[in-house]
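Now for the letters of each chain:
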Amino acid sequence: MQPRTPLVVCVLLSQVLLLTSAEDLDCTPGFQQKVFHINQPAEFIEDQSILNLTFSDCKGNNKLRYEVSNPYFKVNSDGGLVALRNITAVGRTLFIHARTPHAEDMAELVIVGGKDIQGSLQVVDSDRPEGSKFRLTGKGVDQEPKGIFRINENTGSVSVTRSLDREMIATYQLFVETTDVNGRTLEGPVPLEVIVIDQNDNRPIFREGPYVGHVMEGSPTGTTVMRMTAIDADDPATDNALLRYNIRQQTPDKPSPNMFYIDPEKGDIVTVVSPALLDRETLENPKYELIIEAQDMAGLDVGLTGTATATIMIDDKNDHSPKFTKKEFQATVEEGAVGVIVNLTVEDKDDPTTGAWRAAYTIINGNPGQSFEIHTNPQTNEGMLSVVKPLDYEISAFHTLLIKVENEDPLVPDVSYGPSSTATVHITVLDVNEGPVFYPDPMMVTRQENISVGSVLLTVNATDPDSLQHQTIRYSVYKDPAGWLNINPINGTVDTTAVLDRESPFVHNSVYTALFLAIDSGDPPATGTGTLLITLEDVNDNAPFIYPTVAEVCDDAKNLSVVILGASDKDLHPNTDPFKFEIHKQTVPDKVWKISKINNTHALVSLLQNLNKANYNLPIMVTDSGKPPMTNITDLRVQVCSCKNSKVDCNAAGALHASVPALLLLCLFSLACL
């Protein structure tokens, strides 16, 4: 048996549209009758009226459009439903969709006696052995989705059991074979390809939204703003998916209802007005919203539609320079004060969210001492003029500044800054009672510590900046941490009321700090503060001291070293080291203890022989290098402890409080008794 060529099954698909109801108003938008019933005729005749539909949107039916679920039918402008060609089977139901910009509704036509559109074919094999049967296999038969196709095993008729959806599965690859009564294959399998023919049952859909485009104001006619594209799930090889685009509505519709045009095939949106009309500053709203419609069937009336909103922003360019609201501004400020003294206001028609609107201010004249600065308020765009260095009324009571304003972004080439972009600021300085000023400040003197009480250190000098006012000045002590000083309130002479001590905790790095006040006779009086730094020269008035003052040693120690002593002195060099260490010879025998110099600040104390477990007080005399030198005698307490098996026991030593001389005398007495 020769292989059979693949057979093609052509199956029409049914389309279902959603029903939409309108609000129940006095005039109810929509179809007056929503469901119709007719008997299945032998044939629908081309251009012959089937029924009449009545639809109203209650606003005049402007731009009324009809869509029929079957592409072989249409609704005329008078509401008559007609066929576009002679046709017999159309299914059980037709849906008619009516729509205007204000309302839409759906009507249903029920065809009594109509049948679901199904396809069938006949597999013919004239040489088929008697008693053999046809068998059908493949996807849609015995493979998922199962049961869509079946074959009459005797006649070879292949039929469809339910509606097909091309957008789900476009083709089915089946196989036909003949079998004997026992199910054994006699011939085949022969491939049978079923192609589902597309029906226009999918609307165009815009999936990539939101759609936002930008175009610069003043752009030339024909400037491309953005591209809008929709997709249609129908067969791209047919007109069912051939889309055409148009603009259904523009909001706002000023200054022209047709500001933009969309390429019907590509979906490119371009400007169609002159650059002069595309002026952001004169537009009612720099944002336009376009309702874009995509229609399949190449834009024919029978085509299905889908819509999306395109938002187009008219972007600003710097085509307006900032201008001061007035040519001259006035400001007053008290002398000595700092901060903002006046806000300079400007106008700019450009977009407040861009650098084309934001202002940048510059002082171009009248600020040689850099006493003024100007900054932009980011919220109001005003220029905040500030005093950053205190002004002096006695030097100048008036100041005049010339200020210019520019934008952060450069102006477009055909726009420049004019006279309105500069302004003059007149500043009046108000006189205030200023506090007296010490000169110099700080004041510095150097004295030896321990000078006699009542010694004069210096006479302070403070002057009143208010030279035009005749005021007197009185002095007082403000801060004197150690309470060492006094000041004459009339002439400012400073003398001592106590001994100055360089080693005092109130002295830091040999410098004592005191503060004085100068108070004028103004109403109210003003006060100035002056600082006095007294550098104190060192005098050898502190004896050195040793450390540590306690030491331990084992009673059987082989190393007779006891402790390394250090010495310190509160004075400064040369009244400190090198120190001289000695054992006070008047009370301690020479042959028990020894002290040896290590360096200028340390010495080693050691035993000449082992001692019994006890506490010993060894007087150490240390002398500094001052002229005259100062000496200090300090007892070094030495504990002689019992050290057995790595354990140190000094408890018993604490019970013995005899000094070394006493012990030596006790030893001599014991020897005499013998």
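Parameters and conventions
- Residues numbered from 1 in each chain as written.
- Predicted model: local features only at pLDDT ≥ 70, side-chain atom pairs only at ≥ 80, totals over all residues.
- Heavy atoms only, no water.
- UniProt positions renumbered as here; feature names shortened; annotations may be inferred.
- Pairing = 2+ DSSP bridges.
- Helix = DSSP H or I, 4+ residues; strand = E, 2+ residues; numbered from the N terminus.
- Axes fitted to C-alpha atoms, helices over the stretch in contact; angles between N-to-C directions.
- Salt bridge = Lys/Arg side-chain N within 4 Å of Asp/Glu carboxyl O.
- Buried < 20%, exposed > 50% of the residue type's maximum accessible area, 1.4 Å probe, protein only.
- Polar contact = N/O pair within 3.5 Å; in protein donor to acceptor, adjacent residues only side chain to side chain.
- Contact = heavy atoms within 4.5 Å.
- Phe/Tyr/Trp six-rings, centres within 6.5 Å; stacked < 30°, edge-to-face > 60°.

The protein chain is annotated in an unreviewed UniProt entry as Cadherin-13 from Prolemur simus. Check the Function (unreviewed entry) section of the UniProt entry for the protein chain; it says "Cadherins are calcium-dependent cell adhesion proteins. They preferentially interact with themselves in a homophilic manner in connecting cells; cadherins may thus contribute to the sorting of heterogeneous cell types. May act as a negative regulator of neural cell growth." The UniProt entry for the protein chain carries the following text under Subunit (unreviewed entry): "By contrast to classical cadherins, homodimerization in trans is not mediated by cadherin EC1 domain strand-swapping, but instead through a homophilic adhesive interface which joins two elongated EC1-EC2 domains through a region near their Ca2+-binding sites to form a tetrahedral, X-like shape."

Trainee: So what about the sheet that holds strand β17 (residues 224–227)? Which residues, and what values?
Mentor: The strands that make up a sheet pair up through hydrogen bonds in the backbone, lying either parallel or antiparallel. A sheet is described by the order of its strands in space; here three strands give the open sequence β17-β20-β19, paired in antiparallel fashion. If you trace the sheet from one side to the other, it starts and ends with β17 and β19 (260–262), each paired once. Recorded for the sheet is a direction-independent mean angle of 20° between the axes of neighbouring strands.

Trainee: Tell me what's going on with the sheet that holds strand β39 (residues 511–520), and back it up with residues and numbers.
Mentor: Pairing is mixed in the open sheet, where four strands are placed in the order β33-β40-β39-β36. Edge positions in the sheet fall to β33 (443–448) and β36 (473–479), since each has one partner strand and no second. Here the average twist between neighbouring strands, direction ignored, is 30°. Relative to strand β40 (residues 527–537), β33 runs parallel, the two being bridged by six bridges.

Trainee: Which residues make up the pattern of salt bridges, and what values go with them?
Mentor: One pass over the full model with this rule turns up 21 salt bridges. The salt bridge involving R99 is made with E67; its shortest N-O contact spans 3.4 Å. Taken together, the positions of R99 in strand β8 (residues 93–99) and E67 in strand β5 (residues 65–68) put the pair 32 residues apart, joining distant regions of the chain. When its relative accessible area of 4% is taken as the criterion, E67 is described as buried. In this structure, K580 and E582 form a salt bridge, with 3.9 Å as the shortest nitrogen-oxygen distance. Of the residues examined, K580 reaches a relative accessible area of 49% and is grouped as partly exposed. Residue E582 is classed as partly exposed on the basis of its relative accessible area, which comes to 23%. A cluster of three or more residues bridged by salt bridges with shared partners is formed by E67, R99, R203, R248 and E293.

Trainee: So, the UniProt feature "domain: Cadherin" (unreviewed entry) in the protein chain: which residues are in play, and what are the values?
Mentor: UniProt tags residues 114–206, 207–324, 325–438, 439–546 and 545–663 as "domain: Cadherin" (unreviewed entry). Secondary structure within residues 207–324 divides into 0% helix and 40% strand; the distance between the first and last C-alpha atoms comes to 49 Å.

Trainee: Describe unusual backbone geometry, and please don't skip the residues or the numbers.
Mentor: Following G209, the chain continues into P210 via a peptide bond in cis, with omega recorded as 0°. Phi angles above zero are rare outside glycine, and C58 is one such case at about 65°. Of note, C58 is situated in the loop between β4 (55–56) and β5. The backbone of N509 sits at a positive phi, close to 55°, despite the residue not being glycine. Mapped onto the elements of the fold, N509 is located in the loop between β38 (493–496) and β39.

Trainee: Quick rundown of the side chain of D624? Include the residues and the values.
Mentor: Here D624 shows up in the loop between β47 (614–623) and β48 (631–644). Among the polar contacts listed, one links the side chain of D624 to the side chain of N540, at a separation of 3.3 Å. A distance of 3.2 Å separates a polar atom in the side chain of D624 from the backbone nitrogen of G626. Excluding residues that lie within four positions of it along the chain, D624 makes contacts with N540, N542, P544, D569, N575, T576, P578, F579, P629 and M630.

Trainee: I'd like a description of the packing of aromatic side chains, backed by residues and values.
Mentor: By the definition in use, this model includes 11 aromatic pairs. Judged by centre distance (6.1 Å) and plane angle (65°), the rings of F324 and F329 are edge-to-face. For the residue pair F324 and F329, the accessibility class agrees, reading buried in each case. With a centroid separation of 6.2 Å and 55° between ring planes, the pair formed by F438 and Y475 is classed as tilted. Placement of the pair is F438 in strand β32 (residues 437–438) and Y475 in strand β36, with a sequence separation of 37 residues.

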